[in-house]
Amino acid sequence: MSTQARASHILVKTEDQANQIMKRLADGEEFDKVARRFSSCPSGKQGGDLGWFGKGMMVPEFEKIAFEEQVGKVVGPVKTQFGYHIIKVTGRK
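Anyway, here's the lowdown on the structure attached to this text. Quick caveat: nothing in here was measured; it's all calculated off a predicted structure.

With that settled, consider the nonpolar core. Among the nonpolar cores identified, the biggest contains 12 residues, and these are Ala 5, Ala 7, Phe 53, Val 59, Phe 62, Ile 65, Ala 66, Phe 67, Val 75, Val 78, Ile 87 and Val 89. For this core, the secondary structure elements donating two or more residues are strand S1 (4-12), helix H3 (60-68), strand S3 (74-80) and strand S4 (83-92). When residues of this core are assigned to their parent elements, the largest contribution, four residues, is made by H3. Not counting residues within four places of it along the chain, the set of residues in contact with Phe 62 comprises Ala 7, His 9, Leu 50, Phe 53, His 85 and Ile 87.

The subject of this paragraph is helix H2 (residues 31-38). Buried within H2 we find Phe 31, Val 34 and Ala 35. One side of H2 carries all its buried residues, which in axial view fall inside an arc of 100°. Of the exposed residues in H2, the ones pointing more than 90 degrees away from its buried face are Lys 33 and Arg 37. Turning to H2, the residues buried within the fold contact S1, helix H1 (15-26), S3 and S4.

Before going further, it helps to spend a moment on the pattern of salt bridges. One side chain can pair with another of opposite charge once the charged atoms of both are near each other. Scanning the model with the defined rule gives seven salt bridges in all. Among the salt bridges present, the one from Lys 23 reaches Asp 27, with a minimum N-O distance of 2.8 Å. Both residues of the pair, Lys 23 and Asp 27, count as exposed. Among the ionic pairs, Lys 73 bridges to Glu 69, the shortest N-O distance being 3.3 Å.

Thresholds applied
Residues numbered from 1 in each chain as written. Predicted model: local features only at pLDDT ≥ 70, side-chain atom pairs only at ≥ 80, totals over all residues. Heavy atoms only, no water. Core = buried A, V, L, I, M, F, W, Y, C linked by side-chain atoms within 4.5 Å. Buried < 20%, exposed > 50% of the residue type's maximum accessible area, 1.4 Å probe, protein only. Helix = DSSP H or I, 4+ residues; strand = E, 2+ residues; numbered from the N terminus. Contact = heavy atoms within 4.5 Å. Arc of directions from axis to C-beta. Salt bridge = Lys/Arg side-chain N within 4 Å of Asp/Glu carboxyl O.

See the structure below:
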């Protein structure tokens, strides 16, 4: 069982913005470039990379994706108290 996950994300205020970003990604835009341009989270400056984290370190909605979705998959929009996330699972160990 994985004890750590790594993910990148793009955080926006509205579901509509999140859906527009999902379309950009589906059309082939690179995740890190879209994150640098649109994410309201400070991690956007690093292409959305949040680094490695353990269980209990992220809000439950985010953690569920990070620990259950397949590595490399982009999921969204995911609503939390911070806004709407587009989440890319980048690793698990």
